[in-house]
Amino acid sequence: MGSDYEVPVYFQEDLFKVLGEERPDHRWIIIGPAGSGSSFHVDPNSTSAWNAVIKGAKKWVMFPPEVPPPGVHPSADGAEVTSPVSIMEWFMNFYGACRTWKKRPIECVCRAGDIVFVPNGWWHLVINLEESIAITQNYVSRRNLLNVLDFLKRPNASELVSGTKDRVNLHDKFRNAIDAAYPGTISQLEVEAQQKAADRKKKVAFWDSAVDSNTGGFKFSF
Ligand SMILES: O=C(O)CCC(=O)C(=O)O
């Protein structure tokens, strides 16, 4: 079945490929009746994903990583997520309230031919509005490589890492394989990340200096 479709052009960088047979599970066909779906979760191993609808209609609700959805309680180490309500109950009890939040969820309905991108770390819930068939793949690109490496290196990697038998050594195997296939890439991304962090700090420092800390208003001088 894998040869029956092509990965959309935007998602073709798939760095877990360097692990060959040892790569974590990464693609699924998802078939469900109307009303079925997936309750709130974050995708495995800090990967990003795309999800393409072949038939039917799927409603998506997404929250950014720093906003756990109401009614969802992730453990501090991120190993477990307790969502005591079903998808339907979530819509009935929590959906209305969070639509007026400042950081309200991003929502869409995908139908046959539509593809949604799920950035790494984003919370998402999906409900099939009709009987639906979809294909999804999780992947690592240069954009989220450092996040994935950090995730695989966490002290509780043996509980957190999923889709593979060798959870503890995955970090070293992946890092070494990336270094061999794309020498210098990791260190270049690390330098770029440091530069970005320094730029962000500078921006904050500039605004701090431009704003009067007593009034919160702007300082003007002529
Ligand atoms: O298509 C679906 O029902 C949800 C898929 C999903 O959330 C996932 O693969 O992480």
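The structure this text deals with has already been given above.
One structure accompanies this document, and this report is about it. If you're wondering where the values come from, they're calculated on a predicted model, not measured in any experiment.

1. Side note on the site of the ligand
Move 1: Residues in close proximity to the ligand include Ile-30, Ser-38, His-41, Asp-43, Asn-51, Lys-58, His-124, Val-126 and Thr-136, which together make up its full environment.
Move 2: Contacts to the ligand include Ser-38, whose side-chain N or O atom sits 3.3 Å from an oxygen atom.
Move 3: Contacts to the ligand include Asn-51, whose side-chain N or O atom sits 3.1 Å from an oxygen atom.
Move 4: In isolation the ligand exposes 290 Å². Once the protein is present, 91% of that is buried.

2. A closer look at the layout of surface pockets
Move 1: Of the voids in this model, the second largest pocket is the one considered here, and its volume is about 420 Å³.
Move 2: Considering the residues around the second largest pocket, the lining is formed by 17 residues, among which Arg-143, Leu-146, Asn-147, Ala-193 and Lys-196 are closest to the centre.
Move 3: At the level of elements, α2 (142–152) and α5 (185–210) are the ones that each hand at least two residues to the lining of the second largest pocket.
Move 4: Here the lining of the second largest pocket is built from residues that sort into eight nonpolar, four polar and five charged.

3. Description of the pattern of salt bridges
Move 1: Per the counting criterion, the structure on display carries 10 salt bridges.
Move 2: Of the charged contacts, one joins Lys-173 and Glu-22 as a salt bridge, the two residues approaching to 2.6 Å between their closest N and O atoms. One end of the pair, Lys-173, is in helix α4 (residues 170–181); the other, Glu-22, is in the segment before β1 (27–32), and 151 residues separate them in sequence.
Move 3: The partner of Glu-66 in a salt bridge is Lys-103, and the shortest N-O contact between them spans 3.0 Å. Of this pair, Glu-66 sits in the loop between β4 (57–63) and β5 (73–74) while Lys-103 sits in the loop between α1 (87–98) and β7 (106–111), and the two are 37 residues apart along the sequence.

4. Side note on the nonpolar core
Move 1: In this structure, Phe-16, Val-140, Leu-145, Leu-152 and Phe-174 are the most contacted members of the largest nonpolar core, which totals 18 residues.
Move 2: Those elements giving two or more residues to this core turn out to be α2, α3 (157–160), α4 and α5.
Move 3: Sort the elements by how many residues they give to this core and α2 lands first, with five residues.
Move 4: For Val-140, the contacting residues outside a window of four places in its chain are Glu-13, Asp-14, Leu-15, Phe-16, Thr-47, Leu-145, Val-148 and Phe-174.
Move 5: Membership of the second largest hydrophobic core comes to 14 residues, among which are Val-67, Val-72, Cys-98 and Trp-123.

5. Looking at the pairing of β4
Move 1: Among the seven residues in β4, seven count as buried, and that is most of the element.
Move 2: Residue alternation in β4 divides its side chains into two sets, Ala-57, Lys-59, Val-61 and Phe-63 and Lys-58, Trp-60 and Met-62, and both sets are buried.
Move 3: Bridging between β4 and β7 involves six bridges; their strand directions are antiparallel. The partner of Val-61 across the bridge, within β7, is Glu-107.
Move 4: Sheet topology note: the β4/strand β9 (residues 123–128) ladder contains six bridges and is antiparallel. Considered in β9, the bridge of Trp-60 is made with Val-126.

6. Overview of the packing of aromatic side chains
Move 1: With the rule as written, the count across this model stands at 12 aromatic pairs.
Move 2: Ring geometry for Phe-11 against Phe-117: centres 5.9 Å apart, planes inclined by 15°, an arrangement best described as stacked. Remark: Phe-117 occurs in strand β8 (residues 115–118) and Phe-11 occurs in the segment before β1; sequence separation between them is 106 residues.
Move 3: Judged by relative accessible area, Phe-11 falls into the buried class, the value being 10%.

How each quantity is defined
Residues numbered from 1 in each chain as written. Predicted model: local features only at pLDDT ≥ 70, side-chain atom pairs only at ≥ 80, totals over all residues. Heavy atoms only, no water. Near = heavy atom within 4 Å. Polar contact = N/O pair within 3.5 Å; in protein donor to acceptor, adjacent residues only side chain to side chain. Areas by Shrake-Rupley, 256 points an atom, 1.4 Å probe, with all protein chains shown as cover. 1 Å grid on protein atoms, 1.4 Å probe; cavity = no way out; pocket = protein on both sides within 12 Å on 5 of 7 lines; lining within 4 Å. Points joined across faces, edges and corners; volume = space filled by probe spheres on them. Helix = DSSP H or I, 4+ residues; strand = E, 2+ residues; numbered from the N terminus. Nonpolar A, V, L, I, M, F, W, Y, C, P; charged D, E, K, R; others polar. Salt bridge = Lys/Arg side-chain N within 4 Å of Asp/Glu carboxyl O. Core = buried A, V, L, I, M, F, W, Y, C linked by side-chain atoms within 4.5 Å. Buried < 20%, exposed > 50% of the residue type's maximum accessible area, 1.4 Å probe, protein only. Contact = heavy atoms within 4.5 Å. Pairing = 2+ DSSP bridges. Phe/Tyr/Trp six-rings, centres within 6.5 Å; stacked < 30°, edge-to-face > 60°.

These figures capture arrangement, not role.
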